[in-house]
Amino acid sequence: MTSLTVGYWSIRGRVQPIKYLLAYANADYKLVNYDMIKKDDGTVDRDSWLNEKYTFDFDFPNVPYLIDGEFKMTQTDAILEYLARKYNVGSDDPVACANSVMIISYVFEWFFAIAKMSYFSQDYLKDKEDFLKNDLVNFLEPIDSFLKGRAWSAGDQVSVGDFWLYEIINVQTLLSGDAVFEGFNNLLSFRDRFKQLPGIAECDEQSKHLAVFSDFAVNPLRPESN
């Protein structure tokens, strides 16, 4: 009987790196999905989560959440760090740990830029074009340079940062296709290595139908429409 439960909306969102880490660790867990339903009047029904939100006795009620036996927690990156220690993913070396956290912060800036555009743009096609033309290179060049000579973002061992880095590559691909990565060979090599890790291909297969964002986004980045 599994003791782990992960809860989140029925999208990739901020839970996908957690799912990758659990797949890599070959951890048995229960995934609880909550639906966001866009109604005819334009409002969004979140009751599937809101009806349960305060029943778990979380310190900071939110999704994603993790329940491990009697232990309960929320917040994506805190969950990732907990699971990494539980399953011995990554290194205890201070420099490696710092690099992993740095990559997470960097990737989240990239993720947030795409999320902000996808949810709130008033002229999505123009903003997408501007992002791809003017902004994307400022995310791609530094991380590609950082990965030169590195197997993984924190060094020789897979770390928490790698699960976020792989996911932002997937998100960017759904936004623009993978031609934007041409010439960024370190990033492409990282992607190829990560795909070969235990459990990742299976997790990709299980998640291939999921949108990145919820239905009330201007563009949820659904696989079949990008």
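Keep in mind that this is a model prediction, so the values were computed, not measured.

Chemist: Sorry, what's going on with the overall build of the protein here?
Modeler: Helix and strand counts for the protein come out as 8 helices and 6 strands. Taken over the C-alpha trace, the protein has a radius of gyration of 18 Å; the compact-globule value for 226 residues is 17 Å, and the two agree within 12%. Based on the C-alpha atoms only, the size of the protein along its principal axes is roughly 50 × 45 × 30 Å. Residues classed as buried in the protein amount to 46% of the 226 residues present. In the structure as shown, the protein presents an accessible area of about 11,700 Å², 49% of it carried by carbon and sulfur atoms. Positive and negative charge centroids in the protein, built from 22 and 34 side chains respectively, lie 2 Å apart.

Chemist: Looking at this structure, how should I read the environment of Thr 5?
Modeler: Position of Thr 5 among the secondary structure elements: in strand β1 (residues 4-9). Remark: the alpha-carbon pair of Thr 5 and Lys 195, spanning 190 residues in sequence, is separated by 25 Å.

Chemist: Looking at this structure, I do not really get the pattern of salt bridges. What am I missing?
Modeler: Side-chain pairing between opposite charges can occur once the charged atoms of the two side chains come close. All told, the structure shown has 6 salt bridges when counted by the stated rule. Put simply, Glu 205 and Lys 208 hold a salt bridge, and the shortest N to O gap is 2.7 Å. Where Arg 222 meets Asp 215, a salt bridge forms, and the shortest distance between an N and an O atom there is 2.4 Å. Arg 222 sits in the partly exposed class, given a relative accessible area of 29%.

Chemist: It is not clear to me how the side chain of Arg 191 should be interpreted in this structure. Could you clarify?
Modeler: As for its placement among the helices and strands, Arg 191 is situated in helix α7 (residues 185-195). In contact with Arg 191, not counting residues within four places along its chain, are Tyr 166, Ile 169, Thr 173, Asp 178 and Phe 181.

Chemist: Help me understand the packing of helix α5 (residues 124-146) against α7 in this model?
Modeler: The relative placement of two packed helices is expressed as an angle between their axes plus a distance between the axes. Running from N to C, α5 and α7 cross one another at 70 degrees; their axes reach a closest spacing of 7 Å. Looking at the two axes, α5 sits roughly perpendicular to α7. Counting all contacts with α5, which are made through Leu 140, Ile 143 and Asp 144, the residues of α7 involved are Asn 185, Asn 186 and Leu 187. Tallied by class, the residues present in the contact of α5 with α7 amount to 3 nonpolar, 2 polar and 1 charged.

Chemist: Sorry if this is basic, but what is going on with the sheet that holds strand β6 (residues 71-74) here?
Modeler: Each strand in a sheet pairs with another by means of backbone hydrogen bonds, the pair being arranged parallel or else antiparallel. Ordered by their spatial adjacency, 4 strands build an open sheet running β2-β1-β5-β6, and the pairing between neighbours is mixed. Bordering the open sheet on either side are β2 (29-34) and β6, each of which pairs with just one other strand. The mean inter-strand angle of the sheet, taken between neighbouring strand axes irrespective of direction, is 15 degrees. Pairing analysis gives 6 bridges linking β1 to β2, with the strands arranged parallel. Residue pairing for β2: Thr 5 is matched across the bridge by Lys 30.

Procedures and definitions
All residue numbers refer to position in the chain's written sequence, counted from 1. Local features in this predicted model are restricted to residues of pLDDT 70 or higher, and side-chain atom pairs are both shown and tallied only at a pLDDT of 80 or more, whereas totals for entire chains, interfaces and linings draw on every residue. Think of the side-chain values as coming from all heavy atoms in the structure, minus any hydrogens and water. Think of it this way: any DSSP run of H or I at least four residues long counts as a helix, any run of E at least two long counts as a strand, and we number them from the N terminus. Between the two quantities, the radius of gyration covers C-alpha atoms and the globule rule is 2.2 Å times the number of residues to the power 0.38. With a 1.4 Å probe rolled over the protein chains alone, any residue whose accessible area is under 20% of its type maximum counts as buried; one over 50% counts as exposed, and the rest are partly exposed. Each accessible area is a Shrake-Rupley result for a 1.4 Å probe, and residues are judged covered by the shown protein chains and nothing else. The charge count treats Lys and Arg as positive and Asp and Glu as negative. His and the chain ends do not count. To locate a charge, the coordinates of NZ of Lys, CZ of Arg, CG of Asp or CD of Glu are taken. One speaks of a salt bridge when a side-chain nitrogen belonging to Lys or Arg is within 4 Å of a carboxyl oxygen belonging to Asp or Glu. The contact rule is simple, with two residues in contact once any of their heavy atoms fall within 4.5 Å. Angles run from 0 to 180 degrees between N-to-C directions of axes, and those axes are lines fitted to C-alpha atoms, restricted for helices to the stretch in contact. With respect to orientation, any angle under 35 degrees is reported as roughly parallel, any angle over 145 as roughly antiparallel, any angle of 65 to 115 as roughly perpendicular, and every other angle as oblique. Throughout, the ten residues Ala, Val, Leu, Ile, Met, Phe, Trp, Tyr, Cys and Pro are labelled nonpolar, Asp, Glu, Lys and Arg are labelled charged, and all others, Gly among them, are labelled polar. When DSSP finds at least two bridges between two strands, those strands are taken to pair.

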